[in-house]
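What follows is each chain in one-letter form.
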Amino acid sequence: VVPAVPTLEETNNTFRKNIQSTYGITVKYGGETDGYTVGGIGTTSIYDATVINNALNNLNNTLAKYPKGFFDEMRRGGIPLTVLLINNYANPSITGITDSNYSFAHISIAVSHPFEESFYHESYHYIERYIFKRGGNFSSWDSLNPQGFVYNQNISNANSFANTHLSSAPFVNTYAQTAATEDRASTFEYM
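Keep in mind it's a predicted model, so treat the numbers as computed, not measured. (Residues numbered from 1 in each chain as written. Predicted model: local features only at pLDDT ≥ 70, side-chain atom pairs only at ≥ 80, totals over all residues. Heavy atoms only, no water.)

Caption draft 1: Just the environment of Ile 19, in detail. Here Ile 19 lies in helix H1 (residues 8-23). Along the chain, Ile 19 and Thr 37 lie 18 residues apart, while their C-alpha atoms are 24 Å from each other. Discounting chain neighbours no more than four positions away, the residues touching Ile 19 are Gly 24, Ile 25, Val 27, Leu 56, Leu 59, Asn 60 and Leu 63. (Helix = DSSP H or I, 4+ residues; strand = E, 2+ residues; numbered from the N terminus. Contact = heavy atoms within 4.5 Å.)

Caption draft 2: Spatial organisation of the nonpolar core. In terms of nonpolar packing, the biggest core is built from 31 residues, with Ile 19, Ile 25, Phe 71, Leu 85 and Phe 119 touching the most fellow members. Mapped by element, the contributors of at least two residues to this core are H1, helix H2 (49-63), helix H3 (70-76), strand S4 (81-86), strand S7 (105-110) and helix H4 (115-133). Residues in contact with Phe 71, not counting those within four places in the same chain, are Tyr 23, Ile 25, Leu 63, Tyr 66, Leu 81, Phe 119 and Tyr 126. Residues Val 38, Leu 84, Tyr 89 and Ala 110 belong to the second largest nonpolar core, which totals eight residues. (Core = buried A, V, L, I, M, F, W, Y, C linked by side-chain atoms within 4.5 Å. Buried < 20%, exposed > 50% of the residue type's maximum accessible area, 1.4 Å probe, protein only.)

Caption draft 3: Summary view of the environment of His 121. Looking at the secondary structure, you find His 121 in helix H4. His 121 sits 61 residues away from Glu 182 along the chain, and the two C-alpha atoms are 8.4 Å apart. Apart from residues no more than four positions distant in its own chain, His 121 is found in contact with Tyr 175, Glu 182, Ala 185, Ser 186 and Glu 189.

Caption draft 4: Here's a closer look at unusual backbone geometry. Unusually for a residue other than glycine, Asn 152 sits at a positive phi of about 65°. Within the element layout of this structure, Asn 152 appears in the loop between H4 and helix H5 (161-164).

See below:
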């Protein structure tokens, strides 16, 4: 008797279970994300098994770059993470969104965009939520900004490393200039 070769869908589900057990997170895709909206923004689910497999590979490879037990610690600290792999958002310029509070975190990633940068950025929002839950703060963060700078009021390409490639640029990109939380997440993304 020749053993049955698993379908790509079965392989993906096994792969997902391995990621979940290795990192202490939940991973959803396909029909599990149907109708998912975040911040009033709709999403499109992924059904192509090859695209799902590629997304799972990207997720696994990206998660492997974090310290062992990193995400599991935050889960044990009361903020379990669910990663939703979607095709895209109704707003095509959005690549990822983190929806969280002190008892859950959902990171949705549009796999139609480059994966790693989006995940790094969104995972920082999750990390920061955990930092705040543990009593941390960033009370001196704004003091690092240029004199007179106000988030979301003084956005300038001249202040963006991504635009100028100057090491003296005070922000990694223009999006970092929209809010202190986005500044930290964009900086983490680049690191």
